[in-house]
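Breakdown of the fold
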Amino acid sequence: MDINKRTILWIVFAVSLVVLWNDWMVSKGGQSMFTVAPPAKVAKAPAAAGSAAATPAVATPGAPAAVGANGEPVAPFKPEIITITTDLIKADIDTAGGTVRRLELLKFQGTGHPGWFGGCWGLFKACKPDIDASKNEVLFDEGVDHAYLAQTGLIGAPNLPNHQSGFVAKPGPRSIDGNNDVQLVLESESGGVKLTKTFTFHRGSYVIDVRHDVSNVGQTPVAPSVYLQLYHDGNKAPDSSYFNTSFVGPTLYTPEEKYKKLDFATIQKNGHAEHPASSTGGWVAISQKFFVSAFIPQQNAVHDIVTRKEKDANRYSISTMTPLGTVAPGATVTNSARLYSGPQDEKVLEKVSPGLDLVKDYGMLTIIAKPIFWVMDHIHSVLGNWGWTIIVFTILIKLLFFPLSAAGFKSMAKVKKVTPKMQAIRERYKGDPAKMNQATMELYKTEKINPLGGCLPLVVQMPVFIALYWVLQATLEFRGAPWILWIQDLSQHDPWCVLPVLYAITMFVTAKLNPTPADPMQAKMMMFMPIAFSVIFFFSPSGLVLYMVVNSILSVAQQWFITKKYGEAPAK
């Protein structure tokens, strides 16, 4: 009994410490212990002058040029914002650089601004909603303390058109209307090279085709490279809190080294992050909770990968650079790429590019989390409600582990029956711990009790619990998904703290059904653990707490049944 109970308590206590330590480390900008971040084999040094992020300004937006080639005055460049609207997105593209400055997702409600501890004004007050129905989710955008842009251009020679050059927009439709696609064509000429950027938006798609036509209009050959760059600030995710962390940062995928998750803190410290220096295929991205923006370069060409800290304060970039070869005078070279900017929908991402679905981060237990979501997705296709899906899934998990749980409860029921004998052993060998443990083990052997039988179900089910936590954290489908009454977003904490309180009650009932530890300190810990976990669950996704509540209720019923079946402990 003593060894059994101590083992359970130490396991629960250790897991609690690990979870709290992990959240604290992530809140300080460190790497989560539950995310995969294998060491890189190749380190990329900071890009030198002339790289994607250090391209010289050919034309400062808004500033007039002195004279043209024929000596006549040239009208000052006047940038304008071209807005393209489809059925899914609304994008603002600036003719100053041909930069995507704002991108709004028309099918997703925006994120609110949570207050204290992720949204609660107090434990017993309603929480401010984390989903703001009055606005749409915005990915690309720029402000005083925020920057998120998609930039492209040319490098490799002085004064080539880049993301700081002035572009002229060709006339054409700006809304998809009844068509299947809509295009925006931008042109810029400098340094003897004419660059034509063509953005093609498609109906029902978050993929934007980005084509660069490079024409040599000069008298000498040029060897430019096209770069695709995502530019972002180093701020933490707005919905991140101590108990509910959210990742935002650069990620990439190469066929050689697969998926890599980087962070702004490392780039800030070293000026760059460690990752493959070049690749054929793959993509670079800025990932955040539920959404991602990824540049997928031309897949049949070798491209370099660069991460760097920008000169601007708290600004970073990740980019690819693809050499176009030598372009002779009068010749034109075309490079095709794609920009995906939208939700982390596994089924969609798998079709866009290999490995892009990995941005939906399930942590180190992906091998368990993916099957969990697959099963839940099929249950949801029948029920149509994610809350009831979690409940049915919990019942299925309970049935799956029933033989193991039953064996554990049987062991604990036997322990309860011999509790008076164990207390007698304690009294007899109070001053000799070695003889006390020896006598206890002999009692276990005589009564055919496995001292680890009670904690084995907990140990086996813990990976499922952690994997489910990451499924609820990473799965877009839970964002804004209601269950009943006060639970209107299963990905956020319970606004009225009803589920955590129910969990505490079921844990107290479970503790009462278990044998009372003879050690007063152990007894206090058993009473304290439900309170400790309930406090953590105040800030955990309500879907996860719902799983724990249903699991606890089923455990109480199962334990009560088995305890009755094997008889009550005799009176002292």
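Residues numbered from 1 in each chain as written. Predicted model: local features only at pLDDT ≥ 70, side-chain atom pairs only at ≥ 80, totals over all residues. Heavy atoms only, no water.

Counted under the stated rule, the structure contains 13 salt bridges. Here E137 makes a salt bridge to R479, at a shortest N to O gap of 3.0 Å. With E137 in strand β4 (residues 131-138) and R479 in the loop between α9 (456-474) and α10 (498-513), this pair connects stretches of sequence that are 342 residues apart. E346 is the salt-bridge partner of K370, the closest N and O atoms lying 2.8 Å from each other. (Salt bridge = Lys/Arg side-chain N within 4 Å of Asp/Glu carboxyl O. Helix = DSSP H or I, 4+ residues; strand = E, 2+ residues; numbered from the N terminus.)

Our focus in this paragraph is the nonpolar core. For soluble globular proteins, the rule of thumb is that nonpolar side chains tend to be buried together. Counting 65 residues, the largest nonpolar core has F199, F201 and Y340 as the members making the most contacts within it. In terms of residue count, strand β16 (residues 291-296) provides more of this core than any other element does, five residues in total. Among residues more than four places away in sequence, those in contact with Y340 are Y206, V207, V292, S293, A294, I296, V348, L349, V352 and L356. Counting 38 residues, the second largest nonpolar core, distinct from the first, contains I391, L490, L544 and M548. (Core = buried A, V, L, I, M, F, W, Y, C linked by side-chain atoms within 4.5 Å. Buried < 20%, exposed > 50% of the residue type's maximum accessible area, 1.4 Å probe, protein only. Contact = heavy atoms within 4.5 Å.)

Let us look at the pairing of strand β9 (residues 193-202). Most of β9 sits inside the fold, with eight of its 10 residues counted as buried. Alignment of strand β8 (residues 181-190) against β9, held across 10 bridges, turns out to be antiparallel. Within the sheet, the bridge partner assigned to Q183 lies in β9 and is T200. Hairpin geometry of β8 and β9 is characterised by an intervening segment of two residues between the two adjacent antiparallel strands and by a positive phi of about 60 degrees at G191. Two successive antiparallel strands, β9 and strand β10 (residues 207-216), enclose a turn made up of four residues, where G204 displays a positive phi of approximately 70 degrees. (Pairing = 2+ DSSP bridges.)

Turning next to the sheet that holds β10. Think of a sheet as strands paired side by side through backbone hydrogen bonds, with each pair either parallel or antiparallel. On the basis of which strands lie adjacent, the open sheet formed by nine strands has the order β7-β8-β9-β10-β19-β16-β15-β12-β13 and antiparallel pairing. Only two strands of the sheet have a single neighbouring strand rather than two, namely β7 (168-169) and β13 (258-261). Direction of pairing for β7 relative to β8: antiparallel, over a ladder of two bridges. Within β8, the residue paired with V168 across the bridge is E187.

Moving on to the environment of F508. Inspection of the secondary structure assignment puts F508 in helix α10. By relative accessible area, F508 is classed as partly exposed at 27%.

With four bridges connecting them, strand β12 (residues 249-254) and β13 associate as antiparallel partners. Bridging from a neighbouring strand, T251 pairs with K261 of β13. Here β12 folds back onto β13, and the loop between the two strands holds three residues.

Glancing now at the confidence of the model for the chain. Scored by pLDDT, the chain has a mean of 77; 71% of the residues are at 70 or more. Throughout residues 34-71 the model reports pLDDT below 50, and contacts reaching past four residues in sequence, or to other chains, amount to 90 contacts. Contacts of residues 113-129 to residues separated by more than four positions or lying in other chains number 33 contacts, the stretch itself having pLDDT below 50. (pLDDT = per-residue confidence, 0-100.)

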